[in-house]
Amino acid sequence: MPITRFCLVRHGETDWNVERRLQGHTDIPLNQHGKAQAIQMARALKAIPLQFDVLYSSDLQRAVNTARAVETTFGVKAILQQTLRERHLGMLQGLTLDQAAHLKPDLWSIHLNRDLDHTLEGGESIKQFAHRIHTALENIRMQNAGKTILLVSHGGALDMMYRLASKQSLISGKAVAVPNASLNWIS
């Protein structure tokens, strides 16, 4: 079976990242620093030189705008996929980490303790999120077997991709940090 390689890119910085505000499915744009990060990341990929066959992106604007820098630099078009979005964080979306701890302490505790089945009052459970990300990656892999895929998504989604690729437990804490505009590889 041919090896399919994924170069995973986290979107550039948003004001909500700076504020430590939970974004989830909330469609937040890149801030000025995030736009500069996206351009710098695309230029770095060109300088490597990275050769990839197809570009995918989450459909949320912070990822789309990051992918747009790659589109401009490489002359390609991104395929937008809703399935590559961040986890929907239900009633926690829009709250800062401090606000979540004070305004929704029970829900925040459930989130921190990684309850696999809880939907955070209107969001996605970790199991639902893992299933969505797994299905998205498998569909992309099957459509692009043996190719190199550049994929722009979100910190939580990239963490989940890493967990799935490394067969890590869904209940364990984060194993890797995923900074804004960073590159990560899985095969």
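Here's what I pulled together on the structure shown here. This is a predicted model, so every value here is computed, not measured.

What counts and how
- Residues numbered from 1 in each chain as written.
- Predicted model: local features only at pLDDT ≥ 70, side-chain atom pairs only at ≥ 80, totals over all residues.
- Heavy atoms only, no water.
- Buried < 20%, exposed > 50% of the residue type's maximum accessible area, 1.4 Å probe, protein only.
- Helix = DSSP H or I, 4+ residues; strand = E, 2+ residues; numbered from the N terminus.
- Pairing = 2+ DSSP bridges.
- Right-handed = clockwise from strand over helix to strand, strands pointing away.
- Contact = heavy atoms within 4.5 Å.

1. Quick word on the pairing of strand S2 (residues 54–58)
The side chains of a regular strand alternate between both faces of the sheet. The buried count for S2 comes to five of five residues, which makes it a mostly enclosed element. A two-sided burial pattern is seen for S2, the buried positions comprising Val 54, Tyr 56 and Ser 58 on one face and Leu 55 and Ser 57 on the other. Looking at chain direction, S2 and strand S4 (residues 148–153) are connected through four bridges and run parallel. If you follow Leu 55 over to S4, its bridge partner there is Leu 150. Of the pairings in the sheet, the one linking S2 to strand S3 (residues 79–81) comprises three bridges and is parallel in character. Across the sheet, residue Tyr 56 finds its bridge partner in S3, namely Ile 79. Viewed along the sheet, the connection from S2 through helix H3 (residues 61–74) into S3 turns out right-handed.

2. Section: the pairing of S4
Counted residue by residue, S4 has six buried out of six residues, so it is predominantly covered. Burial along S4 is two-sided: Thr 148, Leu 150 and Val 152 and Ile 149, Leu 151 and Ser 153, pointing in opposite directions, are all buried. Pairing of strand S1 (residues 5–10) with S4, which is carried by six bridges, proceeds in the parallel orientation. Looking across to S4, one finds that Arg 5 is bridged to Thr 148.

3. Comments concerning helix H7 (residues 155–165)
Burial analysis of H7 places eight of its eleven residues in the buried class, which makes it a mostly covered element. Of the positions making up H7, those classed as buried are Gly 155, Gly 156, Ala 157, Leu 158, Asp 159, Met 160, Met 161 and Arg 163. The inward-facing, buried residues of H7 contact S1, helix H6 (126–143), S4 and strand S5 (183–186).

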